Amino acid sequence: MTIQQKRVVALLDVDNTLIFGEPIQYNVELIYTLLENNIKDVYLFSSMTLTQHIIEERVRLINLLQSKGLTVHGVICASDLVWNKDKALLQSFSKEISQTQNNDEFLEIL
């Protein structure tokens, strides 16, 4: 029999908690508080929309968190529920998105 070590996992809101403002500011106090309390595993919750700008913003946040020593296990948003329900919808969406030329076309498909 082995003893499993329990780890604390933080569930963090992205919008107006980890990032806020324009230009974007990061809540470094929260990041350091997590690390000071030996919390290194996180999941992010986001109201993100699927625009290139927002996706790039989330990638920058993940890179920052990882550079500080946190492990980001996933980013969860409301649209995740749709993808699990209808695989044909996901395939159709992926095909149409790959053919878009700009954000306006991308948003129209959404």
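Quick note: structure is the one above.
Overview of the structure. Remember, it's a predicted structure, so these values are computed and weren't measured experimentally.

## Section: the nonpolar core
Here comes step 1: L12, L18, L34, V42, L44, L61 and L65 are the most contacted members of the largest nonpolar core, which has 16 residues in total.
Here comes step 2: The biggest single contributor to this core is helix α2 (residues 52-67), with four residues.

## So, a nonpolar patch on the surface
Here comes step 1: On the surface, V9, L11, Y43, F45 and I76 cluster together into a nonpolar patch covering about 410 Å² of accessible area.
Here comes step 2: Residue assignment for the nonpolar patch shows that the elements contributing at least two residues are β1 (9-13) and β4 (41-46).
Here comes step 3: For L11, the position within the fold is in strand β1.

## Quick word on the side chain of E57
Here comes step 1: By the element assignment, E57 lies in helix α2.
Here comes step 2: Ignoring sequence-local partners within four residues, the contact set of E57 consists of I19 and I24.

## So, the pairing of β4
Here comes step 1: Where β1 and β4 come together, five bridges link them in parallel fashion. Each residue of the ladder has a partner; that of V9, found in β4, is D41.
Here comes step 2: Inspection of the sheet shows β4 paired to strand β5 (residues 71-77) by six bridges, in the parallel sense. Paired with L44 across the strands is V75, a residue of β5.

## Details of the side chain of D15
Here comes step 1: Its place among the elements puts D15 in the loop between β1 and β2 (19-20).
Here comes step 2: A distance of 2.4 Å separates polar atoms of two side chains, one belonging to D15 and the other to R58.

## Regarding α2
Here comes step 1: Counted at 1.5 Å a residue, the expected span for α2 with its 16 residues is 22 Å, and the 22 Å between its end C-alpha atoms agrees.
Here comes step 2: Looking only at α2, the buried set comprises I54, E57, R58, L61, I62, L64 and L65. The buried residues of α2 occupy an angular sector of 160° when projected down its axis, which confines them to one face.
Here comes step 3: Positive phi shows up at G69, right after α2, with a value of about 110°.

Conventions we followed
- Residues numbered from 1 in each chain as written.
- Predicted model: local features only at pLDDT ≥ 70, side-chain atom pairs only at ≥ 80, totals over all residues.
- Heavy atoms only, no water.
- Core = buried A, V, L, I, M, F, W, Y, C linked by side-chain atoms within 4.5 Å.
- Buried < 20%, exposed > 50% of the residue type's maximum accessible area, 1.4 Å probe, protein only.
- Helix = DSSP H or I, 4+ residues; strand = E, 2+ residues; numbered from the N terminus.
- Patch = residues over 30% accessible without salt bridge, like charges linked within 9 Å, V, L, I, M, F, W, Y side chains within 5 Å.
- Areas by Shrake-Rupley, 256 points an atom, 1.4 Å probe, with all protein chains shown as cover.
- Salt bridge = Lys/Arg side-chain N within 4 Å of Asp/Glu carboxyl O.
- Contact = heavy atoms within 4.5 Å.
- Pairing = 2+ DSSP bridges.
- Polar contact = N/O pair within 3.5 Å; in protein donor to acceptor, adjacent residues only side chain to side chain.
- Expected span 1.5 Å × (residues − 1).
- Arc of directions from axis to C-beta.

In short, shape yes, function no, at least from these values alone.
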